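A closer look at the structure
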Amino acid sequence: MTHINIEPLRNRIRKNLKLLKPWIQRENVSCYRVYDWDMPEFPWCIDYYEGRIHAAEYATRHPLSDEDYQYWLTACKEVFIDLFQLTEEQLYLKLRERKKQGQYEKVNDKKEFFTVKENGLLFQVNLQDYLDTGLFLDHRPLRKQVMQESKDKHVLNLFAYTGSFSVYAAAGGAFTTTTVDLSNTYLNWAKENFKLNQLPLARHSLIKADVKEWLKQPSHRPFDIIVLDPPTVSKSKMTKTNFDVQTDHVAMIQDVMRHLSRDGVLYFSTNYRDFILDETLFQTFEVNNITLQTIPNDFRNKKIHYCWSIRHQP
Ligand SMILES: C[S@@+](CC[C@H](N)C(=O)[O-])C[C@H]1O[C@@H](n2cnc3c(N)ncnc32)[C@H](O)[C@@H]1O
């Protein structure tokens, strides 16, 4: 067995926590990133969620033998449990299958939801059953910005997932919010998030639709703020065509801009690491790269997403 020294992992997480401590105390958050593949030999993405730890293993060609890997994994778990004072049940591991690179092990169906707090708002998360938890922590700053700009505005949230941008907008006093997603599961989750924050749904609509098709309908009101944060690719039996953010973003942004009010703003974001925003958009619209200001303090990976504000030219 090769010698595996686990101490650097422990020390790095400790150091990260120490650096984050003043920020955690200042911000009203109970979920944040504590480690993000800071060291190549520990390919983890570790998030703290209200007394629990969600540790996802990155796809990597692990140089360890099966026996060493099991030893390494046990040692990592012990570090997480020890550092965060967890019970076994409070540690949620998403492991990559070692043979099929890039795939997570099967997800569960335990329906174990609990509530986390962010900027004074509450969100349901589930660390067990899905690949993602219900709340993408990297968009915390943009959510806050949307909340601060939403008073009396009509806000549209496309590819909305569990509706966190919509909840922030509603809490910020949006006149209406419109939340569009293809998945009933996530729209129901969004509904729960609205309820949790005591935001009545009367002026907030949740719409099950393919964003591409929905944008083609001419009858929507103009929106003052639009959030467009699509997945990198989307293939679904429920849609006529597939979606690929690199290939399809120009056409989609042009369609979205038709629904934006004269003085409105579109926030467009993608997590696709190799993404290149097409030059033609700069000629047609007023485009600003706001990536850096939208990356939260707890993310050391400053390329976790890219983000632009896009407006009509004056
Ligand atoms: C990466 S998440 C979006 C994250 C979200 N913007 C947020 O900040 O929480 C992808 C979402 O897009 C939805 N989706 C995928 N393809 C879609 C389509 N063609 N039309 C509408 N929603 C779609 C999925 O159901 C999922 O909820």
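Since the model is a prediction, treat every value here as computed from it, not as a measurement.

1. Description of the site of the ligand
- If you check the shell around the ligand, you find 16 residues, and the closest are D181, D210, V211, D229 and S234.
- Backbone polar atom of F159 to a nitrogen atom of the ligand: 3.1 Å apart, as the coordinates give it.
- Within the backbone of V211, a nitrogen or oxygen atom sits 3.0 Å from a nitrogen atom of the ligand.
- Compared with its free state, where it exposes 610 Å², the ligand has 89% of that area covered by protein.
- Of the residues that constitute the shell around the ligand, the class distribution is 9 nonpolar, 4 polar and 3 charged.

2. So, helix α5 (residues 184-196)
- The end-to-end C-alpha distance of α5 is 18 Å, a good match for the 18 Å that 13 residues give at a rise of 1.5 Å each.
- Restricting attention to buried positions, one finds in α5 the residues L187, W189, A190, N193 and F194. Down the axis of α5, the sector holding all buried residues measures 155 degrees, keeping them to one side.
- If you follow the buried residues of α5, they end up packed against β6 (121-125), α4 (164-171), β8 (176-181) and β9 (204-208).
- Capping the start of α5, S183 holds a side-chain oxygen 3.3 Å from the backbone nitrogen of T185, two or three residues further along.
- One or two positions beyond α5, positive phi appears at Q198, with a value near 50 degrees.

3. Focus: unusual backbone geometry
- One non-glycine residue, W37, lies in positive phi territory at about 50 degrees.
- Looking at the secondary structure, you find W37 in the loop between β1 (31-36) and β2 (44-49).
- Taking relative accessible area as the criterion, W37 reaches 34% and is therefore assigned partly exposed.

4. Focus on helix α1 (residues 7-26)
- In this model, α1 (20 residues) spans 29 Å end to end at C-alpha, consistent with the 28 Å of a helix rising 1.5 Å per residue.
- Along α1, the largest kink reaches about 45 degrees and is centred on L20; proline P22 follows within four residues of it.
- Regarding α1, the residues found buried are L9, R10, I13, N16, L20, W23 and I24.
- Tucked into the core, α1 has its buried residues touching β1, β2, α2 (66-84) and α3 (140-149).

5. Looking at the pattern of salt bridges
- For the structure on display, the rule yields 15 salt bridges.
- Between D38 and R300 there is a salt bridge, with its nearest N and O atoms 3.0 Å apart. Taken together, the residues span a long stretch of sequence, with D38 in the loop between β1 and β2 and R300 in the loop between β14 (285-289) and β15 (306-312) at a distance of 262 residues.
- The exposure class of D38 is buried, given its relative accessible area of 19%.
- Linking K151 and D152 is a salt bridge whose minimum nitrogen-to-oxygen distance equals 3.7 Å.
- Given the relative accessible area of 55%, K151 is considered exposed.
- By relative accessible area, which is 52% here, D152 ends up exposed.
- Each of E118, R140, R143 and D298 takes part in one network of salt bridges that share partners.

6. Considerations on the nonpolar core
- Ranked by internal contacts, the top residues of the largest apolar core, which has 30 residues, are L9, Y35, F42, W44, I46, W72 and F80.
- Elements with a contribution of two residues or more to this core: α1, β1, β2, β3 (52-57) and α2.
- Element by element, the count of residues in this core is highest for α2, at 9 residues.
- If we skip the residues at most four places from it in the chain, F42 touches N5, I6, P8, L9, Y35, W37, W72 and C76.
- Formed by 29 residues, the second largest nonpolar core is a distinct cluster that contains F243, V245, V250 and F275.

7. What to know about the domain arrangement of the chain
- In terms of domain boundaries, the chain breaks down into domain 1 (7-94) and domain 2 (131-312).
- Computed over C-alpha atoms, the centres of domain 1 and domain 2 are 30 Å apart.
- When domain 1 packs against domain 2, the two sides together hide about 1100 Å² of surface, and 56% of this comes from carbon and sulfur.
- Its largest share of buried area at the contact with domain 2, domain 1 owes to W23, R33 and Y49, together 42% of the area lost on that side.

Rules used in this analysis
- Residues numbered from 1 in each chain as written.
- Predicted model: local features only at pLDDT ≥ 70, side-chain atom pairs only at ≥ 80, totals over all residues.
- Heavy atoms only, no water.
- Near = heavy atom within 4 Å.
- Polar contact = N/O pair within 3.5 Å; in protein donor to acceptor, adjacent residues only side chain to side chain.
- Areas by Shrake-Rupley, 256 points an atom, 1.4 Å probe, with all protein chains shown as cover.
- Nonpolar A, V, L, I, M, F, W, Y, C, P; charged D, E, K, R; others polar.
- Helix = DSSP H or I, 4+ residues; strand = E, 2+ residues; numbered from the N terminus.
- Expected span 1.5 Å × (residues − 1).
- Buried < 20%, exposed > 50% of the residue type's maximum accessible area, 1.4 Å probe, protein only.
- Arc of directions from axis to C-beta.
- Contact = heavy atoms within 4.5 Å.
- Bend = angle between axes of the 7 residues up to and from the residue.
- Salt bridge = Lys/Arg side-chain N within 4 Å of Asp/Glu carboxyl O.
- Core = buried A, V, L, I, M, F, W, Y, C linked by side-chain atoms within 4.5 Å.
- Domains from an automatic or database assignment.
- Buried area = accessible area lost by both parts, 1.4 Å probe.

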